[in-house]
Amino acid sequence: MLLSDRALRPSREFHINRLHTIEMVAEVVIKALREQQPAAAALTAAILVLVFSYMAWFWSLRRRLSGPTVWPLFGSLPGLVLNRARMHDWIAGNLRATGGVATYQTCILPIPLLARRQGLVTVTAHPRNLEHVLRTRFDNYPKGPQMQAAFHDLLGGGIFNSDGEAWLLQRKTAALEFTTRTLRQAMARWTNRAILRLCSILSAAAAGDGRRAVDLQDLLLRLTFDNICGLTFGKDPETLSPAIPHNPFTAAFDAATEATLQRLLFPGFLWRLKKALRLGGELRLRRSLEVVDRHMEAAVAERKETPSDDLISRFMKKRASDENLQRIALNFLLAGRDTSSVALSWFFWTVMRRPDVERKIVGEITAVLRATRGPDRAAWLAGSLEFDELDRLVYLKAALAETLRLYPSVPQDTKYVISDDVLPDGTVVPAGSSVTYSIYSMGRLETIWGKDCEEFRPERWLSAEGDRFEPTKDPYQFVAFNAGPRTCLGKDLAYLQMRSIAAAVLLRHRLEPVPGHRVQQKMSLTLFMKHGLLVYVRPRNLDDVDGHLVDSPAKKVTTAIATAAAA
Ligand code: HEM
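These numbers were taken from a predicted model, which means no experiment stands behind them.

**A short note on the site of the ligand**
No. 1: Lining the immediate surroundings of the ligand are 23 residues, of which Ala335, Gly336, Thr339, Cys488 and Gly490 lie closest.
No. 2: Of all elements in the fold, only α15 (322–336), α16 (338–353) and α23 (491–508) reach the threshold of two or more residues within the shell around the ligand.
No. 3: Here the shell around the ligand is built from residues that sort into 14 nonpolar, six polar and three charged.

**What about the sheet that holds strand β4 (residues 412–416)?**
No. 1: On the basis of which strands lie adjacent, the open sheet formed by four strands has the order β1-β2-β7-β4 and mixed pairing. Of all the strands in the sheet, the pair left with one neighbour each is β1 (103–107) and β4. Sheet twist, expressed as the average angle between the axes of neighbouring strands with direction ignored, equals 25°.

**Structural notes on the UniProt feature "binding site: heme" (unreviewed entry) in the protein**
No. 1: In the UniProt entry, the feature "binding site: heme" (unreviewed entry) is given for Cys488.
No. 2: Residue position: Cys488 is located in the loop between α22 (446–449) and α23.
No. 3: In contact with Cys488, other than residues within four places in its own chain, are Phe481 and Asn482.

**Re the UniProt feature "transmembrane region" (unreviewed entry) in the protein**
No. 1: UniProt's entry tags residues 39–59 with the feature "transmembrane region" (unreviewed entry), counted in the numbering of this structure.
No. 2: The straight-line gap between the two end C-alpha atoms of residues 39–59 is 30 Å; of that span, 100% is helix and 0% is strand.

**Considerations on unusual backbone geometry**
No. 1: The phi dihedral of Arg278 is positive, around 55°, even though this residue is not glycine.
No. 2: Take Arg278: it is sitting in the loop between α12 (268–277) and α13 (280–305).
No. 3: Residue Asn482 is not a glycine yet carries a positive backbone phi of 65°.
No. 4: Counting through the fold element by element, Asn482 comes out in the loop between α22 and α23.

**What about the environment of Glu177?**
No. 1: Positionally, Glu177 belongs in helix α8 (residues 164–178).
No. 2: Overall, the presence of 15 C-beta atoms within 10 Å leaves Glu177 in the partly exposed class.
No. 3: Here the alpha-carbon distance between Glu177 and Arg314, two residues 137 residues apart in the chain, equals 7.6 Å.
No. 4: Setting aside chain neighbours within four positions, we find Glu177 in contact with Leu183, Leu311 and Arg314.

**So, the nonpolar core**
No. 1: Grouped together as the largest cluster of nonpolar side chains are 139 residues, with contacts concentrated most on Ala329, Phe347, Ile361, Ile365, Leu400, Ala502 and Ala503.
No. 2: In terms of residues, this core owes the most to one element, α23, which gives twelve residues.
No. 3: Excluding its chain neighbours within four sequence positions, the residues that come into contact with Ile361 are Val351, Tyr395, Leu396, Ala399 and Leu506.

**As for the domain arrangement of the protein**
No. 1: For the protein, the domain assignment lists domain 1 (1–64), domain 2 (65–142 + 415–443) and domain 3 (159–410 + 444–477 + 480–566).
No. 2: Taken over C-alpha atoms, the centre of domain 2 sits 29 Å from the centre of domain 3.
No. 3: Across the contact, 20 residues belong to domain 2 and 20 residues belong to domain 3.
No. 4: Those elements that place two or more of their residues in the side of domain 2 that touches domain 3 are α5 (87–96), α6 (127–136) and α21 (439–442).
No. 5: Ranked by residues supplied to the side of domain 2 that touches domain 3, first place goes to α6 with five residues.
No. 6: Residue composition of the side of domain 2 that touches domain 3, grouped by class: twelve nonpolar, four polar and four charged.

Each value, and the rule that gives it
- Residues numbered from 1 in each chain as written.
- Predicted model: local features only at pLDDT ≥ 70, side-chain atom pairs only at ≥ 80, totals over all residues.
- Near = placed C-beta within 6 Å.
- Helix = DSSP H or I, 4+ residues; strand = E, 2+ residues; numbered from the N terminus.
- Nonpolar A, V, L, I, M, F, W, Y, C, P; charged D, E, K, R; others polar.
- Pairing = 2+ DSSP bridges.
- Axes fitted to C-alpha atoms, helices over the stretch in contact; angles between N-to-C directions.
- UniProt positions renumbered as here; feature names shortened; annotations may be inferred.
- Contact = placed C-beta atoms within 7 Å.
- Buried ≥ 20, exposed ≤ 12 C-beta atoms within 10 Å, placed from the backbone.
- Core = buried A, V, L, I, M, F, W, Y, C linked by C-beta atoms within 7 Å.
- Domains from an automatic or database assignment.

See the structure below:
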């Protein structure tokens, strides 16, 4: 429905409220005049007229909005605050309540002049609206000035934080690099190194009396940080190591990211003022950036001496300046760091609670290893899985995709509207407002995934024969890796990395949730677990799974491999 159409229809209720308020204003002013206090009367009248005008204006604004309640002055903030512990589920509920429209408009700044622009947010999970924003009218929906300004100190004008020509140039250069086989090999090399360390930490936890809990999310975060550093500037900081409990670069990078995200919570002028006065989070950001910059300077200098197959060395060949190289590196660190570890944390959590899925995954791994390495189990555990082995783990890939459907690492994203537009479902989006698409909600809509949308069912990603991974036919129904021209560049590397880690861990260990540990979403740009993921580690008994291949996809894979080998 058009905003202007709605604005043309004042309600009866509104008239009654207005008349009542006019009476009240008159009464108060007359009383003050009777008591011969003209200044008090004027002031009261002015205040009451202001309040009345604001309420009248607010009421007409409220009528144009759909979705959750918007309060005078505070907008949708009370709803957000009240539901902060379950914000993504709250948004999903709001979107479901629209009855298939999967779009609503709300206001975070109900202040005249701001409400129709900076204050107005269109929240959507409709695939056609997403296609419109992410592809059809891509140029009209950039990251936008607020987001760019907030991230500028950390990321400069890097790929993650730029729009238009500046973004396109970097995207073209980076896209060429991301399709090379050598980058895939580099990722496998760095991942395998870190997996050895992870498995030795898990084995140590399994060796004791079985009561030593580990925070799996923390271990995975360290692992993927080491990975992305290796891939980006050819150096593994080995933060996943009991010997290095504290790494100054990681600590500074974490603090800088946290302080940058804080900026998004406040109006731009506020953090700019704090920055000028060097207060609180802004002072922390400044200090952390000094550490990060020093580290990046050293890393770039080292790569200049001895170029390798990492991303920095590749961009060096394109004659990027030192400062640009540092910013490029930081952009890749941020893009590829937490996303895979968070996805893996939700994956392991789900697998622990679904023994049927776990059996199929481990069954598939052992079936593939039996086919490629023979029946000797010692050979299965010798070294990491090779590319061709990982590529055959289709059920595992389906389980990872299913995890990202229900727990997308980036649960929502926001775009800025450059000029007035109308979304395919008729929603009017004014210039200067923003469109937020809820990736989390999309995975939980019956209209997209059917009645069992809340159920973890990897089979929905498999072909009818169960031997092939099949992505959704409509790419705008599953946007955990984004879609359109800004699709995630690291998607294939991420699947490679996640499959390697999941296979290595599940082949050797069985994980059990620590009783009483509460797994809760953290409200952040990335879907972390707020209290981590505490697990007990047990050794894997492969006898438990070897006999369970009868109806599993793994059985089909083994048969397919055996048939191909015979042919
Ligand atoms: C499970 C793992 C991952 C998920 C769910 C994921 C998801 C995403 C999403 C949603 C975006 C769009 C962000 C935005 O525009 O605001 C994105 C962009 C990007 N991702 Fe990933 N990502 C993952 C892993 C990786 C890895 C491992 C790398 C690098 C090695 C990477 C590199 C990038 C880059 C460079 C972009 C920016 C693309 C552009 O703006 O043109 N990602 N990713």
